[in-house]
Amino acid sequence: MAHVTDIPQSDPEAGTPSGLTHVRADGSAHMVDVSAKPETTREATAQAVLTTTPQVIELLAEGGLPKGDALAVARVAGIMAAKKTPELIPLCHPLPISKVTVDFELGTGSVRVVASVRTRGVTGVEMEALTAASVAALGVYDMVKAVDRHAVISDIRVLAKSGGKSGDWALEEGSQGVPRHGGAEPR
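Rules behind the numbers
Residues numbered from 1 in each chain as written. Predicted model: local features only at pLDDT ≥ 70, side-chain atom pairs only at ≥ 80, totals over all residues. Heavy atoms only, no water. Helix = DSSP H or I, 4+ residues; strand = E, 2+ residues; numbered from the N terminus. Expected span 1.5 Å × (residues − 1). Buried < 20%, exposed > 50% of the residue type's maximum accessible area, 1.4 Å probe, protein only. Pairing = 2+ DSSP bridges. Contact = heavy atoms within 4.5 Å. Axes fitted to C-alpha atoms, helices over the stretch in contact; angles between N-to-C directions. Salt bridge = Lys/Arg side-chain N within 4 Å of Asp/Glu carboxyl O. pLDDT = per-residue confidence, 0-100. Core = buried A, V, L, I, M, F, W, Y, C linked by side-chain atoms within 4.5 Å.

Asks: Sorry if this is basic, but what is going on with helix α3 (residues 126-144) here?
Replies: An α-helical turn contains 3.6 residues, so a residue and the one three or four places further along point in the same direction. For α3, with 19 residues, the first-to-last C-alpha span of 27 Å sits near the 27 Å given by 1.5 Å per residue. Among the 19 residues that make up α3, 14 are buried, leaving the element largely enclosed by the rest of the structure.

Next comes the structure, spelled out in structure tokens:
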């Protein structure tokens, strides 16, 4: 049986024929080298949606949940999560995050969490925005589970990004699909 060190590594950074940048030619995962990329201001916005009952939404709006102000706690959780993304997602680069916002839109039976992250760096902040939105939604769930253990978190996705080689894009309002853009930019 061959050991990993016995596999020839002619060009380990070459990627795969399919263009997957986080997979080397031999099939092993690696962190992409972004050292030659120019620094630009980059921003990404993502969302997560927590579906619950209208009664729970009323309690959220009034700050009347048994555990207290769920939205304030969830906002801080989302901000902290954005800063911890490279500790949670193995191939993410640590980035100098310059701004994180986490906002909540209360609907009749749902809470839409919208998180935006900004940096000046060599790679994008989509994963940080997704992590912030996801963890903020988990924070809301933790605060409402005492009154609705059937709440559901869904629709986690990137809504927009700007900066970098692949350019700017935004998900069309009301679109259920995946945004399409030019090239894929490695993180």
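Asks: Is there a simple way to explain the pairing of strand β3 (residues 110-121) in this structure?
Replies: Two faces, one strand: in a regular strand the side chains alternate between the faces of the sheet. In this sheet, β3 lies alongside strand β1 (residues 40-51) in antiparallel orientation, the contact comprising 12 bridges. From the neighbouring strand, Leu 50 faces β3, where its bridge partner is Val 111. Here nine bridges tie strand β2 (residues 97-106) to β3, and the two strands are oriented antiparallel to one another. Following the sheet pairing, Leu 106 is matched in β3 by Val 111. A loop of three residues connects β2 with β3, the two strands running antiparallel in sequence.

Asks: Sorry if this is basic, but what is going on with the sheet that holds β2 here?
Replies: Picture the strands of a sheet paired through backbone hydrogen bonds; they go either parallel or antiparallel. Overall, antiparallel pairing links the five strands, which are arranged β2-β3-β1-β4-β5 in an open sheet. Looking along the sheet, the strands with just one partner apiece sit at the ends: β2 and β5 (169-170). Contacts from α3 reach β1, β2, β3 and β4 (152-162) within the one sheet, and its direction differs from that of β1 by about 25°.

Asks: Is there a simple way to explain the environment of Ser 98 in this structure?
Replies: One can find Ser 98 in strand β2. Taking the C-alpha atoms as reference, Ser 98 lies 5.6 Å from Arg 118; in sequence the two are 20 residues apart. Aside from chain neighbours lying at most four places away, what touches Ser 98 is Arg 118 and Thr 119.

Asks: Explain the pairing of β4 to me, please; I cannot follow it from the model alone.
Replies: Two strands pair when backbone bridges link them, and β1 and β4 are joined in this way by eight bridges, in the antiparallel orientation. Bridge pairing links Thr 45 to Ala 160 in β4. Note: β4 against β5, two bridges, orientation antiparallel. Looking at the pairing, Ala 160 lines up with Ala 170 of β5. The loop that links β4 with its antiparallel partner β5 comprises six residues; one of these, Gly 163, has a positive phi angle of about 90°.

Asks: Before we go on, may I ask you to explain the pattern of salt bridges in this structure?
Replies: Pairing between side chains becomes possible if they bear opposite charge and their charged atoms approach one another. Per the stated rule, a full pass over the model turns up seven salt bridges. A salt bridge links Arg 118 to Glu 43; its shortest N-O distance comes to 3.2 Å. Of this pair, Arg 118 sits in strand β3 while Glu 43 sits in strand β1, and the two are 75 residues apart along the sequence. Given a relative accessible area of 30%, Arg 118 falls into the partly exposed group. With a relative accessible area of 25%, Glu 43 lands in the partly exposed category. Arg 75 is the partner of Asp 103 in a salt bridge, and the nearest nitrogen-oxygen pair spans 3.9 Å. Of this pair, Asp 103 sits in strand β2 while Arg 75 sits in helix α2 (residues 70-88), and the two are 28 residues apart along the sequence.

Asks: Looking at this structure, how should I read the confidence of the model for the chain?
Replies: When pLDDT is low, close inspection of the predicted coordinates is not appropriate. Considering every residue of the chain, the mean pLDDT works out to 85; 82% of them sit at 70 or more. Across the chain, the element-wise mean pLDDT spans from 92 in β5 up to 98 in β2. In this model, residues 178-187 is a region of pLDDT below 50 whose contacts with residues beyond four sequence positions or in other chains number 30 contacts.

Asks: I would appreciate a short explanation of the nonpolar core in the present structure.
Replies: Most often, soluble globular proteins have nonpolar side chains that are buried together. With 33 residues, the main nonpolar core has Leu 60, Val 102, Phe 104, Val 111, Val 113, Val 140 and Val 144 as its most contacted residues. Listed by contribution, the elements that provide at least two residues to this core are β1, α1 (54-62), α2, β2, β3 and α3. The element contributing the most residues to this core is α3, with nine residues. Apart from residues lying up to four places away in sequence, Val 111 is in contact with Ala 48, Val 49, Leu 50, Ile 57, Leu 60, Phe 104, Glu 105 and Leu 106.

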